[in-house]
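Per-entry structural report
This is what each chain is made of:
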Amino acid sequence: MTIADGKFVVTGGASLIGSHVAEELLARGAREVVLLDNYALGSPDVVKDLIGNPRIKLVRGDILCINELYDAFEGTDGVFAIAGFLTLPLSQNPSLGLAVNVEGQVNIFEACRYRGVKRVVFSSSVATYGDPAPGLIDETRPTNLATFQPAAALYACTKIIGENLCKLYSARYGIGAIALRYATVYGERQHYRGVNALYIMENYDRILRGEPPVIPDDGSEVHDYIHVADVARANVMAMASDVTGESFNVATGVATSLNRIVELLVQITGTRLKPVHKANTAAVRASATAQLDFSRAKIETMLGWKPEVSIEEGIRRLIAWRQREDAAIGRKPAA
Ligand SMILES: NC(=O)c1ccc[n+]([C@@H]2O[C@H](COP(=O)([O-])OP(=O)(O)OC[C@H]3O[C@@H](n4cnc5c(N)ncnc54)[C@H](O)[C@@H]3O)[C@@H](O)[C@H]2O)c1
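The numbering scheme is per chain: residues are counted from 1 as the chain's sequence reads. A pLDDT threshold of at least 70 governs which residues receive local features in this predicted model, and a stricter bar of 80 or more applies before side-chain atom pairs are shown or counted, although totals over entire chains, interfaces and linings include all residues.

Where helices and strands are cited, they refer to DSSP runs of H or I of at least four residues and of E of at least two residues respectively, numbered from the N terminus. The helix and strand inventory of the chain stands at 10 helices and 13 strands. The globule rule puts the C-alpha radius of gyration for 335 residues at 20 Å, and the 19 Å found for the chain is close to it. Seen through its C-alpha atoms, the chain measures out along the principal axes to roughly 55 × 45 × 40 Å. Residues with at least 20 neighbouring C-beta atoms inside 10 Å of their own are called buried, those with 12 or fewer are called exposed, and the rest are partly exposed, where every C-beta is derived from the backbone. Counting only residues that meet the buried cut, the chain has 49% of its 335 residues in that class. Two residues qualify as being in contact provided that their C-beta atoms, derived from the backbone, are within 7 Å of each other. Residue pairs in contact within the chain that sit at least 24 positions apart in sequence constitute 81% of those at least 6 positions apart. The size measure is the radius of gyration over C-alpha atoms, and the globule rule it meets is 2.2 Å times the number of residues to the 0.38 power.

Below, the discussion takes up helix H1 (residues 16-27). Given a rise of 1.5 Å per residue, 12 residues ought to cover 16 Å, and the 17 Å separating the end C-alpha atoms of H1 matches this to within 8%. With 10 of 12 residues buried, H1 is to be regarded as a mostly interior element. The complete set of buried residues in H1 reads Leu-16, Ile-17, Gly-18, Ser-19, His-20, Val-21, Ala-22, Glu-23, Glu-24 and Leu-25. Multiplying one less than the number of residues by 1.5 Å gives the expected span of a helix.

The next thing to look at is the packing of helix H4 (residues 94-115) against helix H5 (residues 150-173). Here H4 crosses H5 at 10°, and the two axes come no closer than 10 Å. Judged on the interaxial angle alone, H5 and H4 are roughly parallel. Contacts between H4 and H5 involve Pro-94, Leu-98, Asn-101, Val-102, Gln-105, Val-106, Phe-109 and Arg-113 on the former and, on the latter, Leu-154, Thr-158, Ile-161, Gly-162, Leu-165, Tyr-169 and Tyr-173. Any residue outside Ala, Val, Leu, Ile, Met, Phe, Trp, Tyr, Cys, Pro, Asp, Glu, Lys and Arg is labelled polar, Gly included; the first ten of those are nonpolar and the last four are charged. Classifying every residue of the contact of H4 with H5 by side-chain character gives 10 nonpolar, four polar and one charged. What counts as an axis is a line fitted to C-alpha atoms, over the stretch in contact for a helix, and the angles between N-to-C directions run from 0 to 180 degrees. Oblique is the label for any angle not covered by the other classes, which are roughly parallel (under 35 degrees), roughly antiparallel (over 145) and roughly perpendicular (65 to 115).

All right, on to the site of the ligand then. Taken together, 31 residues surround the ligand, and among them Gly-12, Ser-15, Leu-16, Gly-42 and Gly-84 come closest. Among the secondary structure elements, those contributing two or more residues to the shell around the ligand are H1, H4, strand S5 (119-125) and strand S7 (184-186). Per-element accounting of the shell around the ligand gives the leading share, three residues, to H1. Class assignment of the residues belonging to the shell around the ligand gives a composition of 15 nonpolar, 13 polar and three charged. Being near a molecule or strand means, for a residue, that its C-beta atom, positioned from the backbone, comes within 6 Å of it.

Of all five residues that make up strand S1 (residues 7-11), four are buried, and the element is covered over most of its length. With five bridges joining them, S1 and strand S2 (residues 32-37) adopt parallel strand pairing. Residue pairing in the sheet places Phe-8 in a bridge with Val-33 of S2. The handedness of a crossover follows from its direction of travel: if, with the strands pointing away from the viewer, the path from the first strand over the helix to the second runs clockwise, the crossover is right-handed. Note on the crossover from S1 through H1 to S2: the handedness is right-handed. Note: S1 against strand S4 (residues 78-81), four bridges, orientation parallel. Strands are labelled as partners when DSSP assigns at least two bridges between them.

Let's shift gears to unusual backbone geometry. The backbone of Asp-5 sits at a positive phi, close to 70°, despite the residue not being glycine. With 10 C-beta atoms packed within 10 Å, Asp-5 lands in the exposed category. Despite not being glycine, Asp-217 shows a phi value in the positive range, around 50°.

This paragraph deals with the environment of Arg-31. As for its placement among the helices and strands, Arg-31 is situated in the loop between H1 and S2. Residue Arg-31 is classed as partly exposed on the basis of its 13 C-beta neighbours within 10 Å. Through-space distance from the C-alpha of Arg-31 to that of Ile-56 is 8.8 Å; in sequence the pair is 25 residues apart. Residues contacting Arg-31, with those up to four places away along its chain left out, are Asp-5, Gly-6, Lys-7 and Arg-55.

Once that is clear, we can look at the domain arrangement of the chain. Domain borders in the structure are assigned automatically or taken from a domain database. Per the domain assignment, the segments of the chain are domain 1 (7-186 + 226-250) and domain 2 (198-223 + 254-291 + 309-328). Put simply, the middle of domain 1 and the middle of domain 2, counted by C-alpha atoms, are 27 Å apart. Domain 1 puts 14 residues into the contact, and the matching count from domain 2 is 10 residues. Elements supplying a minimum of two residues to the side of domain 1 that touches domain 2: helix H3 (87-92), H5, S7 and helix H7 (228-240).

Another point: the sheet that holds strand S6 (residues 176-182). Strand order in this open sheet of seven strands is S3-S2-S1-S4-S5-S6-S11, and the pairing throughout is parallel. The open sheet terminates on both sides in strands that have one partner only, identified here as strand S3 (56-60) and strand S11 (246-250). Across the sheet, the mean angle from the axis of one strand to that of its neighbour is 20°, orientation sign disregarded. Alignment of S6 against S11, held across five bridges, turns out to be parallel. By the bridge assignment, Tyr-182 is partnered in S11 with Val-250. Docked against the sheet, H7 engages S4, S5, S6 and S11, running at close to 160° with respect to S6.

Structural data, given as C-alpha cells:
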C-alpha cells in the first residue's frame, strides 16, 4: 500500500505510540490522519503539537461503539489498531480493559469489513510470550503464562486474541493484517502506564525532586527498551507492505539492566544524587528476568525494519522532551 496521499485512522491516537505513528505518516506524505481516541487514558494535550496540522483530524470516538468506527473509517485506506489498556490500567479496571482490548478489536475488524478498509496494523506485545525460558525468542516461541502475574497474563491473553483476529479476518475477509509485538516502548510523550518504562519516569521525577534514584533489588533485571520512533517506523512499514496474517517482534535485541537505566539518568541529568537499592515491591509487574534475547530476524527479512535509536540516544531524547514540558509549566529541579 502507498502511504503518500492515503487516509489512515489511528485508534488510540492520543497515545504515546499513536502520536508517533501520526508523525511518521505525515512525514511519509499521508493525505489525512485521523486520531480517534475517547481519552479514557490519553488526552488531547498529548497531541497538542500535532493538532494544528491541516492533515491531522482529532476525533473523539470509542472503539466499543461500532457506529463511531463506521463513521471514522469511511474512505480509509488503513487502520492502526493502537487503542488498548496496558497491564497496569487493565489491572485497575479489568472489566473495561478486557472489553477494549478484545471487543474493541472485533469492532475494528467488523468496521473495516463494512467500510472496505484494506489493511490493519495491530499493536501486540512481547507479553504474548509470557515468561519465556532463556534463549533466542523468535515468533515461533510458545506462550508460557505459568509464572506470569494474573494482570500480565490477562493482558497477554487479550493480545493473543487480537493477533488471532488479525489472522481470522485476513483469511476469511481478505483484510491485510499484521501484528507487531512490541518490547518495552519508551520515548517522548512518555506516560506512567507502562510497568517497565515506569522505572525511567519515576526515577527522573525523583531526581527532579532532589531525591536519590531508586534501583529495584540488585538492578540486574533487564528489559528490551525500544524507542517509540522505531516503533512508529515499524508500524508504517508494516502498513506499506503486502505481508498479511503474520506477527513480528519489534525489539532491539539488546537487554538493558535497570542499573544501566539509572546510570544513564544520572549521567544525562548531571545529578550528584547517589542511587540507592530497594526491594522491588511493585504490585503489578511484567516479566522480570536478568536475561532477554528477542530475535529481529523475521521483521528484518520480511519488512526490512531495523531499530535505529540506541538506549543512550533514546533516554536523552526522552529527558530533553520532559525538560521542555517542565519548563513550559514552570516546574524546576530542586536546588
Ligand atoms: N507502551 C508499551 O510499552 C507497549 C508495549 C507493548 C504493546 N503496547 C500496546 O501498544 C498500544 C499503545 O500503547 P501506548 O503506550 O501508546 O498506550 P497509551 O496508554 O498511551 O494509549 C492507549 C490509548 O488508547 C485510548 N483508548 C483506550 N480505550 C479506548 C477506547 N475505548 N476507544 C478509543 N480509544 C481508547 C486511550 O485513551 C489512550 O490514548 C496499546 O495497545 C498497548 O497495549 C504498548
